[in-house]
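# Per-entry structural report
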Amino acid sequence: MKRQSMKRQSMKRLSMTLHEYVAGDLSKEQRAAIEKRIENEPRVRALYEEILEAHNALTSLRDRPAPVSADDVLPRIQAAITAQKYQDRPRLFMDGAGRRYYRRIAMAATLLLAVTVGLLVARNNRVEPAAPATTGGLDARPTADVRGLVDAASAGPLDGLTVIELLNSFKKAGNKPNLVFTPNEGVLPVSEGLTEKR
Amino acid sequence: MTAQPLSLRLLSGAKGRQEPADRTEEKALLRRAQTGDPDAFGEIVTKHWKRAFWTAYDVLYDHGRAQDVAQEAFVKVHRAIQNYDLSRDFASWLYRIVLNLAIDHRRKRDRDKSTPSDKVEELIDARRVMVADEDKAANIERVETVLSALPDKYRMPLTMKDIDGLSVEEVARILDISYSTVRWRLHKARNLFRERWKRLLQREDRARP
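Residues numbered from 1 in each chain as written. Chains lettered and ligands numbered in written order. Predicted model: local features only at pLDDT ≥ 70, side-chain atom pairs only at ≥ 80, totals over all residues. Heavy atoms only, no water.

Counting its secondary structure elements, chain B contains nine helices and zero strands. Along chain B, from the amino end to the carboxyl end, the secondary structure elements read α-α-α-α-α-α-α-α-α. Classification of the 209 residues of chain B by burial places 48% in the buried group. Restricting to contacts in chain B with at least 6 residues of sequence separation, those with at least 24 account for 65%. (Helix = DSSP H or I, 4+ residues; strand = E, 2+ residues; numbered from the N terminus. Buried < 20%, exposed > 50% of the residue type's maximum accessible area, 1.4 Å probe, protein only. Contact = heavy atoms within 4.5 Å.)

Set out below in structure tokens:
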């Protein structure tokens with residue numbers, strides 16, 4: 001068993017050496033050694049003949065012509081290169097190699113955001129034009145619905161809840177609340193038909 | 001085969017490897033191509049087209065796709081040539097590009113490797129048109145039939161070394177495997193090819209009237 005295994009190993013090594021000899025991959029000394037064996041050992045010679053035949057068949061493919069010649073294919077390659085150049089042209093947010101200009105994109109996004117926010121803030125802070133004054137100040141005509149609230153508010157300074165209720169009720173009634181604000185006395189109610197500024 | 005003195009035997013050498021003079025010439029050509037000279041690039045295509053095509057074909061077994069892949073490889077080369085390091089071997093670099101593109105194409109296509117004979121059928125008419133000598137054409141057909149049946153990991157080093165004439169070191173670099181792995185796979189591939197070639201010839205002999 002061991003002998004058979006050794007014989008197999010020896011054949012494998014021989015076959016590998018013969019293949020490399022035929023392919024021209026051996027050193028000068030190795031070539032001399034194998035050539036001697038081929039000349040003197042019929043078994044080695046037979047294997048060498050077989051290997052050479054297969055090798056020559058394989059290497060006959062070196063002469064195979066391509067189905068399309070280089071001259072025929074060159075215009076197509078040039079056209080593909082031109083098309084590729086167009087695709088690779090640098091753009092606003094991308095360079096020729098397809099790399100994005102992240103800094104430019106970030107700046108553009110920030111600018112867009114700033115403009116949008118600016119517009120929204122400006123819209124929210126817009127002051128409505130004042131109604132034309134008849135008695136020299138702000139005019140207020142509370143509706144009958146809110147009269148009760150205004151009367152209650154006129155009893156004293158308005159607290160937060162009352163102001164909110166007042167504003168909401170005006171909103172429901174469709175009126176814009178007209179209230180006079182003074183720094184010291186807080187919100188003053190506006191009595192019917194009259195405006196007072198203190 | 002008849003017994004002949006070894007000195008009279010024609011042994012196919014490795015013709016694919018470049019001599020130093022060729023290398024200098026090629027470097028000059030590449031330098032011109034780097035400056036954008038279209039004629040220089042055209043010369044590069046003419047020189048390497050056949051190898052690029054057959055490299056792609058040996059992976060894809062389809063003429064049309066092999067042509068597309070080889071064309072795409074040259075477009076890539078044109079794009080990258082500005083930054084190409086002239087000290088590197090251009091043929092190996094091109095080979096690597098073609099091989100990678102061909103493997104990508106094949107992966108996308110989900111190629112069925114178990115029916116290589118279908119792919120080889122395509123060759124028959126095309127080959128007869130291309131090769132004037134009928135016997136030579138028939139022989140090429142036979143060889144490709146046997147080659148196409150080999151597993152990829154054996155076929156690729158075999159075609160790169162014995163047909164394209166690359167060195168073992170170049171094959172190892174392109175396929176990204178060790179030198180000893182290349183030697184072992186080459187040995188295995190050559191044995192497989194030899195056994196199948198022998199069986200094919202025996203079958204044809206038996207079939208002959």
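Contacts between chain B and chain A engage 53 residues on the former and 48 residues on the latter. Summed over both sides, the interface of chain B with chain A buries roughly 4,700 Å², with 60% coming from carbon and sulfur. Across the contact surface, chain B and chain A share six salt bridges. A salt bridge links arginine 194 of chain B to glutamate 50 of chain A; the shortest N-O distance between them is 2.8 Å. (Buried area = accessible area lost by both parts, 1.4 Å probe. Salt bridge = Lys/Arg side-chain N within 4 Å of Asp/Glu carboxyl O.)

All names here are of chain B. Contact geometry of helix α6 (residues 134-148) with helix α9 (residues 179-207) gives a least axis separation of 10 Å together with a crossing angle of 130°. By the angle between their axes, α6 is oblique relative to α9. Note on packing geometry: the crossing formed by α6 with α9 is right-handed. Here α6 contributes Asn139, Arg142, Val143, Val146 and Leu147 to the contact with α9, which in turn contributes Phe193, Arg196, Trp197, Leu200, Leu201 and Glu204. The residue inventory of the contact of α6 with α9, partitioned by class, reads seven nonpolar, one polar and three charged. (Axes fitted to C-alpha atoms, helices over the stretch in contact; angles between N-to-C directions. Parallel < 35°, antiparallel > 145°, perpendicular 65-115°, else oblique. Left-handed = near helix turned anticlockwise from the far one by under 90°. Nonpolar A, V, L, I, M, F, W, Y, C, P; charged D, E, K, R; others polar.)

Quick look at helix α8 (residues 168-175) of chain B now. All names here are of chain B. Here α8 lies mainly inside the structure; six of its eight residues are buried. Along α8, the residues classified as buried are Val168, Glu170, Val171, Ala172, Ile174 and Leu175. Of the surrounding secondary structure, the elements contacted by the buried residues of α8 are α4 (90-109), α7 (152-163) and α9. Count one or two residues on from α8 and you reach aspartate 176, which has phi positive near 60°.

So, about the confidence of the model for chain A. The share of residues in chain A with pLDDT of 70 or more is 60%, and the mean pLDDT across the chain is 75. The low-confidence segment residues 191-198 of chain A (pLDDT under 50) makes 16 contacts with residues lying over four places distant or belonging to another chain. (pLDDT = per-residue confidence, 0-100.)

Our focus in this paragraph is the packing of aromatic side chains. A full pass over the atoms with the stated rule returns twelve aromatic pairs over all chains. Relative to tyrosine 48 of chain A, the ring of tyrosine 21 of chain A has its centre 6.0 Å away and its plane inclined at 50°; by these criteria the two rings are tilted. Here the residue tyrosine 21 of chain A occupies a position in helix α1 (residues 2-22), and tyrosine 48 of chain A occupies one in helix α3 (residues 42-59), the gap between them amounting to 27 residues. According to the relative accessible area criterion, tyrosine 48 of chain A is buried, its value standing at 1%. Through a chain of ring-to-ring contacts, the aromatic side chains of Trp49, Phe53, Trp54, Tyr57, Tyr61 and Phe74 of chain B assemble into a single cluster. (Phe/Tyr/Trp six-rings, centres within 6.5 Å; stacked < 30°, edge-to-face > 60°.)

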